[in-house]
Amino acid sequence: METTEKTSSASTPFPNIPPIIESDDSEYNDTGVPSTVAIAGHPLHPLSVIFPIAFLAAALGSDFGYWLTRDFFWARASLWLIGLGLAGGAIASLIGLSDFLKIERVRKRQAGWVHLILNVSILILTLVNFLLRWGDAEARILPWGLLISLVVGTFTSLSGWFGAELSYRHKIGVVGAGSRRYP
């Protein structure tokens with residue numbers, strides 16, 4: 001015997017978790033707002049954040065590697081990973097800032113502001129972490145370099161959550177034919 005589960009037509013199309021900040025069914029049901037920086041309609045911001053996130057997460061891992069082994073290899077790896085994360089993050093931030101400034105719906109959502117503030121904080125902390133290690137990659141990993149890497153990793157996770165809120169819940173920066181203005 002086969003059973004089917006019916007969903008109430010009044011229910012929201014979102015997962016069974018509450019939105020972290022806000023939700024708007026009209027945004028979910030419209031076609032979405034395209035990114036202002038895209039190639040052949042494909043938004044570049046989600047693509048551009050992959051490497052900086054990976055580099056900064058790996059830097060946290062290599063800082064832990066240094067903490068456990070005191071091997072200079074991990075200190076040098078962290079310096080390079082942080083530098084690459086900073087460079088890639090700067091590129092991703094320019095692309096994301098273009099969407100933030102040109103798409104009104106982003107600025108009308110608290111998730112857009114939280115995402116922006118977290119990303120600016122990540123870039124500033126990453127720059128501080130890089131400059132702290134410049135010249136002597138090993139000297140300042142413990143405790144400050146490791147602590148900054150841990151904060152950056154936490155902020156990156158939170159920022160990713162809010163970026164997903166913008167993309168999936170508010171349909172911003174997706175392939176769509178919607179207006180860049182608020183619905």
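Here is what the cut-offs are and how they apply
- Residues numbered from 1 in each chain as written.
- Predicted model: local features only at pLDDT ≥ 70, side-chain atom pairs only at ≥ 80, totals over all residues.
- Heavy atoms only, no water.
- Helix = DSSP H or I, 4+ residues; strand = E, 2+ residues; numbered from the N terminus.
- Buried < 20%, exposed > 50% of the residue type's maximum accessible area, 1.4 Å probe, protein only.
- Salt bridge = Lys/Arg side-chain N within 4 Å of Asp/Glu carboxyl O.
- pLDDT = per-residue confidence, 0-100.
- Contact = heavy atoms within 4.5 Å.
- Phe/Tyr/Trp six-rings, centres within 6.5 Å; stacked < 30°, edge-to-face > 60°.
- Axes fitted to C-alpha atoms, helices over the stretch in contact; angles between N-to-C directions.
- Parallel < 35°, antiparallel > 145°, perpendicular 65-115°, else oblique.
- Left-handed = near helix turned anticlockwise from the far one by under 90°.
- Nonpolar A, V, L, I, M, F, W, Y, C, P; charged D, E, K, R; others polar.
- Expected span 1.5 Å × (residues − 1).
- Polar contact = N/O pair within 3.5 Å; in protein donor to acceptor, adjacent residues only side chain to side chain.

J.: Explain the overall build of the protein chain to me, and be specific about the residues and the numbers.
T.: Looking only at helices and strands, the protein chain has seven helices and two strands in total. Ordering the α and β elements of the protein chain from the N terminus gives α-β-β-α-α-α-α-α-α. Within the protein chain, buried positions represent 37% of all 183 residues.

J.: How would you summarise the pattern of salt bridges if you had to cite specific residues and measurements?
T.: Enumeration according to the criterion identifies three salt bridges in this entry. The partner of Glu104 in a salt bridge is Lys108, and the shortest N-O contact between them spans 3.6 Å. Here Glu104 and its partner Lys108 are both found in helix 5 (residues 104-108), four residues apart, which amounts to about one turn of the helix.

J.: How would you explain the confidence of the model for the protein chain if you had to name every residue and give the values?
T.: For the protein chain, per-residue confidence averages 86 on the pLDDT scale, and 80% of positions sit at 70 or higher. Predicted confidence for residues 1-10 stays below pLDDT 50, and this span has zero contacts to residues more than four positions away or in other chains.

J.: An account of unusual backbone geometry is requested, with residue identities and associated values reported.
T.: Residue Leu142 is joined to Pro143 through a cis peptide bond whose omega torsion reads 0°. Locating Pro143 in the fold gives a position in helix 7 (residues 141-169). The backbone of Arg70 sits at a positive phi, close to 60°, despite the residue not being glycine. On the secondary structure map, Arg70 appears in the loop between helix 3 (50-69) and helix 4 (72-102). Of note, Lys171 is a non-glycine position whose phi angle comes to about 50°, a positive value. Relative to the helices and strands, Lys171 resides in the segment after helix 7. Lys171 sits in the partly exposed class, given a relative accessible area of 22%.

J.: Can you lay out the packing of aromatic side chains for me, pointing to particular residues and giving the numbers?
T.: Using the criterion set out here, one finds five aromatic pairs in the structure. Ring geometry for Phe100 and Trp113: centres 4.8 Å apart, planes at 90°, overall edge-to-face. Here the residue Phe100 occupies a position in helix 4, and Trp113 occupies one in helix 6 (residues 110-133), the gap between them amounting to 13 residues.

J.: Give a description of the environment of Val114 that names residues and reports values.
T.: Its place among the elements puts Val114 in helix 6. Using a relative accessible area of 27% as the deciding quantity, one classes Val114 as partly exposed. With 45 residues separating them in the primary sequence, Val114 and Ser159 have C-alpha atoms 7.4 Å apart.

J.: Tell me about the packing of helix 4 against helix 6, and please be specific about residues and values.
T.: At a minimum axis separation of 9 Å, helix 4 and helix 6 run at an interaxial angle of 155°. Taken as axis vectors, helix 4 and helix 6 run roughly antiparallel relative to one another. As helix 4 packs across helix 6, the resulting crossing turns out to be left-handed. Side by side, helix 4 and helix 6 meet where Ser78, Leu79, Ile82, Gly83, Leu86, Gly89, Ala90, Ser93, Leu97 and Phe100 of the first sit next to Gly112, Trp113, Leu116, Leu123, Thr126, Leu127, Asn129, Phe130 and Arg133 of the second. Residues belonging to the contact of helix 4 with helix 6 are distributed by class as follows: 11 nonpolar, seven polar and one charged.

J.: Explain helix 4 to me, and be specific about the residues and the numbers.
T.: An α-helical turn contains 3.6 residues, so any two residues separated by three or four positions project in the same direction. When the terminal C-alpha atoms of helix 4 are compared, their 45 Å separation across 31 residues agrees well with the 45 Å that a helix rising 1.5 Å per residue should span. Between the side-chain oxygen of the N-cap and the backbone nitrogen of Phe73 there are 3.0 Å, and the N-cap of helix 4 in question is Asp71.

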